[in-house]
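# Topology and contacts: notes
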Amino acid sequence: MNKKTLAIIVIVMGLLITTFLARYNDKNMEQNTQVKNDNNNLIGTNFENLDLPENYDIRQFEGITLNFIVENNLYANVILHESEEFQDITGINIKVKAVDFDTLIQKVNLDFIAKDGKYQLIYVDPYQTLNRFYDYLEVLNSYNTNPDYPHIIGYTDDFFEYQTRVISYFEEDTHLYTVPFDSTTMILYYRKDIFDAYRDRFIEEKGYDPTPGTKGFTWEKYIEVSRWIDENVPDEEIKYGSGHMAQKHNSIFCDFSNVLASYGGDYFFDENINTLGLKSFKNINVKDKEFLKALDVYKQILKAAAPESVEWNWTDSANAFRNGEIAMMPNWDENYTYMEDELHSKVAGKVGYSILPNGDERSANIFGGSGIGINKYASDIEKQASWLFITWATSKDMQLKVLEHPEGGSLPTRKSAYDINTETVDIQFEDNFIKHKSAVLDAWKPENLYLRPKISNFYDVEQIIISNLHDMIKYDLDSKEVSDRIYEELRQIRLQE
């Protein structure tokens, strides 16, 4: 075999080998691509309707661990249950740390101050965290517009405008810091069975229907009804007419704020202070006649309530109501399933729900929703994995999952979640959805909703209000004296800035 023939054979063999390897690699790449892009396993899961980019690898973050710190509430409980599915599908390890409100604020603040990035995912309270640490949160605008990342369908149009302004932004609506996660709102819980049993007798004596939620049900009537129940309903049926949350805690601020706003008052009247928020306040209004009237009425409300109310927070009053001790209480709507738990609640099936009583101006129901944000000090890959979690956790499917869940009941922050034909869903879902839905949606009407001040120095402001309100109730202080003291202490904050 001459050299020319040998060279031809070598060239041909080389071409054959190259062609084989190319075909093998193409086939192998095709198989890998098919595996990578095969998201058929998402059908029937809470990922099915997510807006994922074409060829998105749902398992690209496999092995990563994300720590999510959240307040121990209904939504967190359901997320804890459902996180197993998220882990199975994505390969991301989710560690949900659900803690009480005070512990949450403390741990998040410490993590931000240290810039540790220990908690990649954060339950962001707009009044305790967003207002103070917005610069420590990742700006999310580019995540939702990046064609290579999942998208939040309908953001922001599918969310309630006032909720996004409060929860997602600070000072201006340009930087998106969080996505609305829950929608907790204060409503009135009352013992429907007690009111049904004694309504006629009350009407005969007082001349009006005592049922909460009826037209003209004011805080003055609320006080009268509470006292009447104390005096006329046997303790074996109900111990107290009402219960409140006047502990030296955030709870008394929320409890009083409902009354204050109902009489047309507020702490400050600076533009945007109750929505987008400001770094500080300018116009202090705690010496106005509306504020003084609200202080006087709140003192009467507490005098007519269970004596223990002066040391109760929202958890304590909810426990008392659940145990059948009180006939009425303002509290967060998320306690709904806690009350309707047939195995553990003494009042399951006996509860009515309404907006809070009216003052001189309106009914005012404080909003307490929060969002999910990403820690600015997390790594880039952790941030991308966190964004996938946020799109899943705030999706319409998950919002409805929370509503349906036996431990859920929190109303969705997405408008599209309310486009439901209740005739096509099971009875459990229908019951969960309807019983307190109407009261909460009523509370969300602009004329009934109260949004508290959102300012960077809110912690210091709130401590002043909490301390003075608690002392007023505990020691029966004069409302004018309390108003003057609050004003002077707030003024000192402004002078020190």
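This structure is a prediction, so every number in the text was calculated from the model and none was measured.

## As for the side chain of Glu-71
Here Glu-71 lies in strand E1 (residues 65–71). Buried and unpaired, Glu-71 has Arg-452 as its nearest opposite-charge partner, separated by 9.3 Å. Apart from residues lying up to four places away in sequence, Glu-71 is in contact with Ala-76, Val-99, Phe-101, Leu-104 and Tyr-123.

## Quick word on the nonpolar core
One recurring pattern in soluble globular proteins: nonpolar side chains tend to sit buried together. If you look at the biggest cluster of nonpolar residues, it comprises 155 residues, and the most contacted ones within it are Phe-68, Ile-79, Tyr-267 and Leu-490. In terms of residue count, the dominant contributor to this core is helix H17 (residues 458–475) (eight residues). Beyond its immediate sequence surroundings of up to four residues, Phe-68 is in contact with Ile-79, Lys-95, Val-96, Lys-97, Leu-121, Ile-122, Tyr-123, Phe-181, Ile-372 and Phe-389.

## Let's talk about the side chain of Asn-365
Relative to the assigned elements, Asn-365 resides in strand E8 (residues 365–366). In this structure Asn-365 comes out as buried when scored by relative accessible area, which is 0%. Look past the residues within four positions of Asn-365 in its chain and what remains in contact with it is Thr-185, Met-186, Ile-187, Asn-258, Ile-355, Leu-356, Ala-443, Asn-448, Leu-449 and Tyr-450.

## Re the environment of Leu-302
Note that Leu-302 resides in helix H10 (residues 289–303). Classification of Leu-302 as buried rests on a relative accessible area of 9%. C-alpha of Leu-302 to C-alpha of Lys-474: the two residues are 172 residues apart in sequence and 9.7 Å apart in space. For Leu-302, the contacting residues outside a window of four places in its chain are His-244, Ala-246, Ser-309 and Ile-473.

## Quick notes on the packing of aromatic side chains
Scanning the entire structure with this criterion turns up 38 aromatic pairs. Measuring from centroid to centroid gives 5.3 Å for Phe-202 and Trp-228, while their planes differ by 80°, and the two rings are edge-to-face. Taken together, the positions of Phe-202 in helix H7 (residues 192–206) and Trp-228 in helix H8 (residues 219–232) put the pair 26 residues apart, joining distant regions of the chain. With respect to class, Phe-202 is no different from Trp-228; both count as buried. Ring plane angle 20° and centroid distance 5.2 Å describe the contact between Phe-253 and Tyr-267, whose orientation is recorded as stacked. Here Phe-253 is found in helix H9 (residues 250–262), whereas its partner Tyr-267 is found in the loop between H9 and H10, with 14 residues between them in sequence. On the basis of relative accessibility, which here comes to 0%, the residue Tyr-267 falls in the buried class. Directly above the ring of Tyr-208 sits Lys-221, whose terminal nitrogen or CZ lies 4.5 Å from the centroid. Across from the ring centre of Tyr-338, 3.8 Å away, lies the NZ or CZ of Arg-322, which sits over that ring.

## Observations regarding the sheet that holds strand E5 (residues 186–191)
Strand pairing in a sheet is mediated by backbone hydrogen bonds. Such pairs are either parallel or antiparallel. Pairing is antiparallel across the open sheet formed by three strands, whose spatial order is E6-E5-E7. Each edge of the sheet is formed by a strand with only one pairing partner; in this case those strands are strand E6 (328–332) and strand E7 (351–354). With direction set aside, neighbouring strand axes in the sheet form an average angle of 35°. Relative to E7, E5 runs antiparallel, the two being bridged by four bridges. The residue of E7 that forms the bridge with Tyr-190 is Gly-352. Contacting E5, E6 and E7, H7 runs over the sheet at an angle of about 55° to E5. Those strands touched by helix H11 (residues 314–322) are E5, E6 and E7, and its axis lies near 130° from that of E6.

## Observations regarding the pattern of salt bridges
Scanning all chains against the criterion turns up 23 salt bridges. For Lys-480, the salt bridge is made with Asp-484, and the minimal N-O distance between the two is 2.9 Å. Note that Lys-480 and Asp-484 are positioned in helix H18 (residues 479–496) at a spacing of four residues, about one turn of the helix. For Asp-484, a relative accessible area of 28% translates into the label partly exposed. Through salt bridges that share partners, Lys-192, Asp-196, Arg-199 and Asp-209 make up one connected network.

## Some details on the sheet that holds strand E2 (residues 93–99)
Taken in spatial order, the five strands make up an open sheet running E2-E1-E3-E9-E4, and their pairing is mixed. In this open sheet, the two strands that pair with only one neighbour each are E2 and strand E4 (179–180). Docked against the sheet, helix H13 (residues 380–393) engages E1, E2, strand E3 (121–124), E4 and strand E9 (371–374), running at close to 165° with respect to E9.

## Some details on the pairing of E2
With seven bridges connecting them, E1 and E2 associate as parallel partners. Residue Asn-67 lies in a different strand from E2, and its bridge partner there is Lys-95. Note on the crossover from E1 through helix H2 (residues 74–90) to E2: the handedness is right-handed.

## Section: the packing of H10 against H17
As a packed pair, H10 and H17 sit with axes 10 Å apart at the nearest point and diverge in direction by 50°. Judged by the angle between their axes, H10 and H17 are oblique. Relative to H17, the crossing made by H10 is right-handed. Residues Leu-295, Tyr-298, Lys-299 and Leu-302 of H10 pack against Leu-469, Met-472 and Ile-473 of H17.

Calculation notes
- Residues numbered from 1 in each chain as written.
- Predicted model: local features only at pLDDT ≥ 70, side-chain atom pairs only at ≥ 80, totals over all residues.
- Heavy atoms only, no water.
- Helix = DSSP H or I, 4+ residues; strand = E, 2+ residues; numbered from the N terminus.
- Buried < 20%, exposed > 50% of the residue type's maximum accessible area, 1.4 Å probe, protein only.
- Lys, Arg positive; Asp, Glu negative; His and termini not counted.
- Salt bridge = Lys/Arg side-chain N within 4 Å of Asp/Glu carboxyl O.
- Contact = heavy atoms within 4.5 Å.
- Core = buried A, V, L, I, M, F, W, Y, C linked by side-chain atoms within 4.5 Å.
- Phe/Tyr/Trp six-rings, centres within 6.5 Å; stacked < 30°, edge-to-face > 60°.
- Lys NZ or Arg CZ within 6 Å of the ring centre and 35° of its normal.
- Pairing = 2+ DSSP bridges.
- Axes fitted to C-alpha atoms, helices over the stretch in contact; angles between N-to-C directions.
- Right-handed = clockwise from strand over helix to strand, strands pointing away.
- Parallel < 35°, antiparallel > 145°, perpendicular 65-115°, else oblique.
- Left-handed = near helix turned anticlockwise from the far one by under 90°.

Purely spatial values, then, with no claim about function.
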